[in-house]
Amino acid sequence: MTNITSHLTNRWTKANGYREVLGIALPLILSTGSWSLQLFIDRMFLTWYGAETIAAAMPAGIVNFTLISFFMGITSYVNTFVAQYYGAGRLSRIGPSLWQGIYTGIAGGIIIMLFIPLADPLFAYAGHGTTIAALETLYFKTLCYGAAPVLITTAMSSFYTGLGKTWPVMWIAFTATAINIVFDYLLIFGKMGFPEWGIYGAAVATNLSALGSMIIYSILLSQRKHNRYSLRNWYPDPGLLRRLLWYGGPGGMQFFLEVAGFSVFIIIAGSIGATELAATNIAFSINTLSFMPVYGLSIAVATMVGQNLGNNNIIGAEQSVKSGLHIALIYMTIIVILFMFLPGLFIENFTRNSSSETMNTIRGMGVIMLRFIAIYSFFDTLNILYGSAIKGAGDTRFVMFTTLILSMLILVLAPILFIKSLNHGIYTAWILITAYVVLLGIIFYFRYKGGKWKTIRVIEHSVIDE
């Protein structure tokens, strides 16, 4: 017992130990947790508004996020560039890295708006029914207008996370969540003199939240104390932009492929029936409470890996990953116990305002789905932590190709075979999701242990003295 206590104390205080990881990660865990809360309440309000609105929100929302995800993967990769430049002491390259991410976000927002005319045929083809398709189309189109602020905000937040200065990220996330929740309530239900816009109001609230975040980040970044990072070097840097796209592009494509796979999965699952779709939407909404805090922790781990590699400290990078994994597993153990043995604690928040037979069926399905999530959650921890660690080093192509193969086989082709062709039910779909997450976790674990990531650097090899 004494040896265990001594080991834990040493792990807490040593460089890249629990205290250092949590110092960076805690604000990110809280900020991603606030995003989970925002999504949770958003979905809960829509469920209270009507079963059709929650059935429409998840497919439309995830299709929109699929389009955003590619550019978000690139703009968020600003974190790795900032972290490695910071670790190498090359501060003058940090500001230009941020600006290339901002330009990518602006371009991405313009491209995403070009998909607005495709919304009507896309959701009509999904086969979710005329009413739900109309709601999906409205929700999707409205969210597309807010894509640019989301992407620009992602680049700006990556500046702070790459430096390891994560408290501003947390406070802005809290503010954005408050904006979203307040306007959700006002615009979905038409309270305090505001119009009752239902699902359209939820989308408008989301856009206002993103716009508010972008404005706050812009104000903070204009402070004089950031001049040391050359933030006034706003001009396009073709060489730096090419490297951001070279390393961040596969990361963006991996993110896109994974989200696209889930989008196809949800659309196919929705073709089974509106009840199954609503239950799946609720289960995935609750799932964010488990993986989003771990995702926040993974950003901290990726930052520390990048900073250590920038300083050629391989051992420090490994220690930061190990410390992050231990913290994540402790949190996930608690979540798994709750999902497995107290699923009603989460489901009831969505279904308590209705006692209809349909909602009772949704409630029963949701309980079973949460137990599927409990089964794969530990592997999801490996997937998120080890995947972020190797991406934080620059090993993005392996992650991309792995995601491509598994998402196509398990999230797209297998559901088409078993659900569309063989008429299997919703639980077969959830078995496939579980298999996907388990395999990703195992593969990324072995890739990390293989050690190729230790030799990769995303920044230039030449040394520039500050």
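Residues numbered from 1 in each chain as written. Predicted model: local features only at pLDDT ≥ 70, side-chain atom pairs only at ≥ 80, totals over all residues. Heavy atoms only, no water.

Can you break down the overall build of the protein chain residue by residue, with the values?
A tally of regular secondary structure across the protein chain gives 17 helices and zero strands. Principal axes of the C-alpha set define a box for the protein chain whose edges measure 65 × 55 × 40 Å. Residue pairs in contact within the protein chain that sit at least 24 positions apart in sequence constitute 85% of those at least 6 positions apart. When the accessible area of the protein chain is evaluated, it comes to approximately 18,900 Å², of which 68% is carbon and sulfur surface. Charged side chains in the protein chain number 27 positive and 18 negative. The centres of these two groups are separated by 12 Å. (Helix = DSSP H or I, 4+ residues; strand = E, 2+ residues; numbered from the N terminus. Contact = heavy atoms within 4.5 Å. Areas by Shrake-Rupley, 256 points an atom, 1.4 Å probe, with all protein chains shown as cover. Lys, Arg positive; Asp, Glu negative; His and termini not counted. Charge placed at Lys NZ, Arg CZ, Asp CG, Glu CD.)

Describe the packing of aromatic side chains, with residues and values.
Across all of its chains, the model carries 24 aromatic pairs by this definition. Seen from their ring centres, Phe 65 and Phe 255 are 5.5 Å apart, and the 80 degrees between their planes marks the pair as edge-to-face. Taken together, the residues span a long stretch of sequence, with Phe 65 in helix H3 (residues 51–75) and Phe 255 in helix H11 (residues 238–270) at a distance of 190 residues. What makes Phe 65 partly exposed here is its relative accessible area of 27%. Relative accessible area serves as the criterion here: at 22%, Phe 255 is assigned to the partly exposed category. Where Tyr 77 meets Phe 81, the ring centres are 6.2 Å apart and the plane angle is 75 degrees; that geometry is what we call edge-to-face. Classification of Tyr 77 by relative accessible area gives buried; the value is 6%. With a relative accessible area of 1%, Phe 81 lands in the buried category. Three or more aromatic residues joined by ring pairs form one cluster here, namely Phe 45, Trp 48, Tyr 49, Tyr 185 and Phe 189. One Lys or Arg, Arg 447, reaches over the ring of Phe 398 and ends 4.1 Å from the middle of that ring. (Phe/Tyr/Trp six-rings, centres within 6.5 Å; stacked < 30°, edge-to-face > 60°. Buried < 20%, exposed > 50% of the residue type's maximum accessible area, 1.4 Å probe, protein only. Lys NZ or Arg CZ within 6 Å of the ring centre and 35° of its normal.)

Break down the environment of Met 44 for me, citing the residues and quoting the values.
Within the element layout of this structure, Met 44 appears in helix H2 (residues 18–49). On the accessibility criterion, Met 44 (10% relative accessible area) is buried.

Which residues make up the confidence of the model for the protein chain, and what values go with them?
Scored by pLDDT, the protein chain comes out at a mean of 86, with 94% of its residues at no less than 70. Within the protein chain, helix H5 (residues 94–113) carries the highest mean pLDDT (96), whereas helix H1 (residues 2–13) carries the lowest (61). (pLDDT = per-residue confidence, 0-100.)

Give me the lowdown on the side chain of Ser 209, citing residues and values where you can.
Topologically, Ser 209 is positioned in helix H10 (residues 199–221). By relative accessible area, which is 4% here, Ser 209 ends up buried.

Tell me about the nonpolar core, and name the residues and values.
Counting residues in each nonpolar core, the largest one holds 137 residues, and the members touching the most others are Phe 159, Phe 284, Val 305 and Trp 430. Residues contacting Phe 284, with those up to four places away along its chain left out, are Met 58, Phe 262, Phe 265, Ile 266, Tyr 376, Trp 430 and Ile 433. (Core = buried A, V, L, I, M, F, W, Y, C linked by side-chain atoms within 4.5 Å.)

I'd like to hear about the pattern of salt bridges, residue by residue, with values.
The final tally for this structure, using the stated rule, is four salt bridges. One salt bridge connects Asp 395 with Arg 447, and the closest N-O pair in it is separated by 2.9 Å. Taken together, the positions of Asp 395 in the loop between helix H15 (357–393) and helix H16 (396–421) and Arg 447 in helix H17 (residues 426–450) put the pair 52 residues apart, joining distant regions of the chain. (Salt bridge = Lys/Arg side-chain N within 4 Å of Asp/Glu carboxyl O.)

Go over the environment of Lys 165 with me, naming the residues and quoting the values.
Mapped onto the secondary structure, Lys 165 falls in the loop between helix H8 (147–163) and helix H9 (167–189). Residue Lys 165 is classed as partly exposed on the basis of its relative accessible area of 37%. On a C-alpha basis, the gap between Lys 165 and Thr 402 in space is 32 Å, while along the polypeptide they are 237 residues apart. Discounting residues that sit within four places of it in the chain, Lys 165 has contacts with Tyr 160 and Tyr 229.

Describe the packing of H11 against H17, listing the residues and the values that go with them.
One can describe the packing of H11 onto H17 by two numbers: an axis separation of 10 Å at closest approach and a directional angle of 165 degrees. Considered as vectors, H11 and H17 are oriented roughly antiparallel to each other. Our pair here, H11 against H17, has a crossing hand that is right-handed. Listed contacts from H17 to Glu 258, Phe 262, Phe 265 and Ala 269 of H11 are Ile 426, Ala 429, Trp 430, Ile 433, Tyr 436 and Leu 440. Considered class by class, the residues forming the contact of H11 with H17 number nine nonpolar, no polar and one charged. (Axes fitted to C-alpha atoms, helices over the stretch in contact; angles between N-to-C directions. Parallel < 35°, antiparallel > 145°, perpendicular 65-115°, else oblique. Left-handed = near helix turned anticlockwise from the far one by under 90°. Nonpolar A, V, L, I, M, F, W, Y, C, P; charged D, E, K, R; others polar.)

Run through unusual backbone geometry, naming residues and quoting values.
Not every positive phi belongs to a glycine, and Met 192 is a case in point at roughly 55 degrees. Here Met 192 is to be found in the loop between H9 and H10. The backbone of Asn 312 shows a phi angle near 55 degrees, a positive value even though the residue is not glycine. Along the polypeptide, Asn 312 turns up in the loop between helix H12 (274–310) and helix H13 (314–341).

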